[in-house]
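In case you want the letters, here they are:
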Amino acid sequence: MMQEYKRSVCPYDCPDACSLLVKVENGRAIEVVGEPQHPITQGKLCPKMRDYPATVYSPERILTPLRRTGAKGSGAFTPISWEEAIASIAEQWRGLVAQYGGEAILPFSYAGTMGVVQRNAGHAFFHRLGASQLERTLCSPAKDYGWRAIMGGTKGMRVQETAHSDLIVIWGANAAATSVHFLHFVQQAKKKGAKVWLIDTYETPTAAVADRVIRLQPGSDAALALGLVRLLDEEGLSDEAFLEEHVQGYEKLRQETLPDYTAEKVAALTGVTPQEQLELAQALGRAKAPLIRMGSGMTRYGNGAMTIRAILCVPAWLGAWRHLGGGAYGDLSTGAAVDKDVVLRPDLLNPATRSININQLGDALTKMEPPVRSLYVYHCNPAAVVADQNKVLAGLRRDDLFTVVHERFLTDTALFADIVLPATTSLEQDDLFTCYGHYFVQRSPAAIDPVGEAKSNWDVFRLLAEAMGFADLYEKTAVQMVDAVLERPTPWLEAAGVEKIRQGEFAELPLPAEYKLQYFTPSGKIEVWNPLEQEPLPRWLPPHSDEGDLWLMTAPSVYGLNSSFREQPRLMQLRGKMSLLMHPADAAKRKLQDGMLVEAWNERGKVLFTLAVTDKAQPGVVVAEGVWKLADAPGSNTVNALTSQRLTDRAAGSTFYDTKVFVRQGM
Ligand SMILES: Nc1nc2c(c(=O)[nH]1)N[C@H]1C(S)=C(S)[C@@H](COP(=O)(O)OP(=O)(O)OC[C@H]3O[C@@H](n4cnc5c(=O)[nH]c(N)nc54)[C@H](O)[C@@H]3O)O[C@H]1N2
Ligand SMILES: Nc1nc2c(c(=O)[nH]1)N[C@H]1C(S)=C(S)[C@@H](COP(=O)(O)OP(=O)(O)OC[C@H]3O[C@@H](n4cnc5c(=O)[nH]c(N)nc54)[C@H](O)[C@@H]3O)O[C@H]1N2
Ligand SMILES: [Mo]
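The text that follows walks through the structure, step by step, so that each part is easy to find.

Each value, and the rule that gives it
- Residues numbered from 1 in each chain as written.
- Chains lettered and ligands numbered in written order.
- Predicted model: local features only at pLDDT ≥ 70, side-chain atom pairs only at ≥ 80, totals over all residues.
- Heavy atoms only, no water.
- Core = buried A, V, L, I, M, F, W, Y, C linked by side-chain atoms within 4.5 Å.
- Buried < 20%, exposed > 50% of the residue type's maximum accessible area, 1.4 Å probe, protein only.
- Helix = DSSP H or I, 4+ residues; strand = E, 2+ residues; numbered from the N terminus.
- Contact = heavy atoms within 4.5 Å.
- Near = heavy atom within 4 Å.
- Polar contact = N/O pair within 3.5 Å; in protein donor to acceptor, adjacent residues only side chain to side chain.
- Nonpolar A, V, L, I, M, F, W, Y, C, P; charged D, E, K, R; others polar.
- Expected span 1.5 Å × (residues − 1).
- Pairing = 2+ DSSP bridges.
- Axes fitted to C-alpha atoms, helices over the stretch in contact; angles between N-to-C directions.
- Phe/Tyr/Trp six-rings, centres within 6.5 Å; stacked < 30°, edge-to-face > 60°.

**Quick word on the nonpolar core**
- If you look at the biggest cluster of nonpolar residues, it comprises 131 residues, and the most contacted ones within it are Trp93, Phe125, Phe126, Trp171, Trp317, Tyr376 and Ile526.
- Top contributing element to this core by residue count: helix 8 (residues 221–234), with 9 residues.
- Contact partners of Trp317, with chain neighbours within four places excluded, come to Val229, Leu232, Asp233, Leu237, Ser238, Asp239, Leu243, Tyr250, Leu253, Arg254, Leu258 and Val528.
- Grouped together as the second largest cluster of nonpolar side chains are 40 residues, Phe77, Met114, Ala364 and Phe656 included.

What follows is the structure, given as structure tokens:
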């Protein structure tokens, strides 16, 4: 019996980007474990990845290309060969390009796999084709924008530093679901006596690690942050020397903004009592190394970027950056470590081609002129994960839309395809991973052969390029592409040790000593006042919000990742029913009972849920965890039928949480 352990990296869209060991026996992956030597993974995996072979060898994997034989969405398909599939796509596209130009075709991808080569495999192809561009702002670009507006190009903190903090505020992150390895460092800090505060809109599973939970009104965080800054001043807890030396415009914020944020006004906006505000301000002000870990929750609103700017005033006022373990971080940016242009080929892009925002697919497919006539979806499931589901589905139903979906499973999107192409999982493909939650880089060689006739993103674009007459763009194999990226190391990657990475070891990108006191902004200071911004000072802005008497939080599930992981029955069992969490007072007001079928509705749609009455929800805010598949839903829609195509204040991001609904008994 041939048995060996192979190195791999978790490909999912998660800040932890775990290093994996795959036990391969006779060519089959029989077990996947976390790499014990990796300082972040620490040998542990989340509940989703503990049985990754159940995903890889799921009986639901698509094994061959398929052609649609019934109505769109019906799921009637027949197997075809790769030759036939590629030839049909090329024929359709040649016709569309000749008649309407390349812009009639829209590529649609997001983050099914995070690797440098496979994630970006289609860019060169679609640039050359002259296809419409996709503005990929589905996740949390407002968070990055807010960071840059205050901190410029300053790098985020190393997650390991969390262990040295004595006061950790987890702000708008359900880390128990979305970043369990960050929680290792929180636990380490707690062992040394650190206190943990959680700021969220409901009592999430992360509350289990928190000493204090603050539940605030959705979209109100900027008011809380500015109120805290004002209280720090009032209590004499501000670090004047730090402000003087390192913070641009702090006097302006003091004079022009802070007087508005009295504890009473903040309480009215946020629902956080003046007493709680004071306790949090005192805890922050008295801590030696206070740390704020920012999730994405408060950034998926019409005021998302401004909210981050306001929150980042708090560590500046505390001088938290001086101390090991102190400061703040959200997503880290390691993208600059590798020269992605080898893959992305921006030189092939005609910048005049139209650009379509990923969050506005519904409008793009139903209203846009000249129309999108073909959609090519890869490693993304827009029918489930993109806002305004009814519009997206209406678009996908169009008979004149030629849709191709490259997928591992028959997702809600794949069900609408004219042609489905089978995709490999990460164990079956070569790639290179940077990440957004720590500073490690690692390559991930294929550990097993493709299951069935599945092909990787890169390999499909090789075939398509050949069929379209530009094979020259895709001469290299995926593994040669990984090598090509590593052959042109940036100085930062060089410093991590390229040879090690080439050999398949993980390596950490180094940060400069004193990195928390060097600010890569035009002034060299933390720019609380940023003259390049239309609004140079942060303030609380109202979110978009809708008609509706309850806020709807469309939060992540511990047992899924966006729409992924439905194929593992164990995880689906742990997830339970597709529920709506509601506070007992809200349920009583509507004469609703636990376990009842209820309908959440607003101007965009209605979705049936099983009601879960719980005081984990606060009055006025209901919660739906996870993105479900239509077939598993009690009604004919899932949660994104309620969310909107509106964008964030900056960076054109998604506003999933900026949603209100009415709720009544369902039928
Ligand atoms: N298990 C699991 N892991 C995942 C994912 C998943 O779906 N499931 N998704 C992955 C992806 S794509 C991403 S981007 C990351 C996301 O990870 P994070 O960036 O950490 O964001 P979330 O954990 O989604 O945080 C959302 C939290 O914010 C809260 N929230 C909503 N509105 C507000 C508000 O106005 N103020 C405050 N303070 N809180 C608010 C929500 O209730 C929720 O608990 O996680 C990744 N990991
Ligand atoms: N209501 C609500 N909606 C949300 C969110 C929310 O919090 N609430 N979160 C949003 C966020 S933060 C994000 S990032 C998006 C994520 O949205 P998506 O990027 O669409 O993520 P997934 O739902 O995980 O779907 C990824 C798909 O890619 C497929 N896949 C995986 N690997 C490969 C591969 O190598 N090749 C190919 N071709 N396919 C592959 C998987 O089978 C899966 O169906 O969802 C967003 N949608
Ligand atoms: Mo995301």
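**Here we look at the site of ligand 2**
- Neighbouring residues of ligand 2: 31 residues in total, closest Val385, Glu407, Arg408, Ser563 and Ser564.
- Here an oxygen atom of ligand 2 sits 2.5 Å away from a polar atom, N or O, in the side chain of Glu407.
- In the environment of ligand 2, a nitrogen atom lies 3.2 Å from a nitrogen or oxygen atom belonging to the side chain of Asn562.
- Of the residues in the shell around ligand 2, the class split is 13 nonpolar, 14 polar and 4 charged.

**Considering helix 8**
- If you check helix 8, its first and last C-alpha atoms are 20 Å apart, about what 14 residues at 1.5 Å a residue would give, namely 20 Å.
- Across the 14 residues that make up helix 8, a large majority, 11, are buried.
- Along helix 8, the residues classified as buried are Asp221, Ala222, Ala223, Leu224, Ala225, Leu226, Gly227, Leu228, Val229, Leu231 and Leu232.
- One or two positions beyond helix 8, positive phi appears at Gly236, with a value near 70 degrees.

**What to know about the environment of Thr178**
- Mapped onto the secondary structure, Thr178 falls in helix 6 (residues 175–178).
- For Thr178, a relative accessible area of 29% gives the class partly exposed.

**A closer look at helix 13 (residues 304–311)**
- With 8 of its 8 residues buried, helix 13 lies for the most part within the structure.
- Where the residues of helix 13 are buried, they touch helix 5 (141–151), strand 8 (167–171), helix 8, strand 11 (290–294) and helix 14 (313–318).

**Some details on the sheet that holds strand 18 (residues 440–444)**
- If you trace the 3 strands from one edge of the open sheet to the other, you get 17-18-19, paired in antiparallel fashion. The outermost strands of the open sheet, each flanked by one partner alone, are strand 17 (431–433) and strand 19 (507–508).
- Of the pairings in the sheet, the one linking strand 17 to strand 18 comprises 3 bridges and is antiparallel in character. Paired with Leu432 across the strands is Arg443, a residue of strand 18.

**Examining the sheet that holds strand 10 (residues 212–215)**
- Ordered by their spatial adjacency, 5 strands build an open sheet running 10-9-8-11-12, and the pairing between neighbours is parallel. Two strands close off the open sheet at either side, each with one partner strand: strand 10 and strand 12 (327–329). Strand after strand, the sheet turns through a mean of 15 degrees between neighbouring axes, direction not considered.
- Looking at chain direction, strand 11 and strand 12 are connected through 3 bridges and run parallel. Bridge pairing links Ile292 to Ala328 in strand 12.
- In this fold helix 12 (residues 274–286) packs onto strand 8, strand 9 (195–200), strand 10 and strand 11, with an angle of close to 130 degrees to the strand it touches most, strand 10.

**Here's the deal with the packing of aromatic side chains**
- A full pass over the atoms with the stated rule returns 23 aromatic pairs.
- Geometrically, the ring pair formed by Phe126 and Tyr376 is tilted, given 5.8 Å between the ring centres and 50 degrees between the ring planes. Taken together, the positions of Phe126 in helix 4 (residues 123–129) and Tyr376 in strand 14 (residues 374–378) put the pair 250 residues apart, joining distant regions of the chain. Tyr376 shares its class with Phe126; the two are buried.

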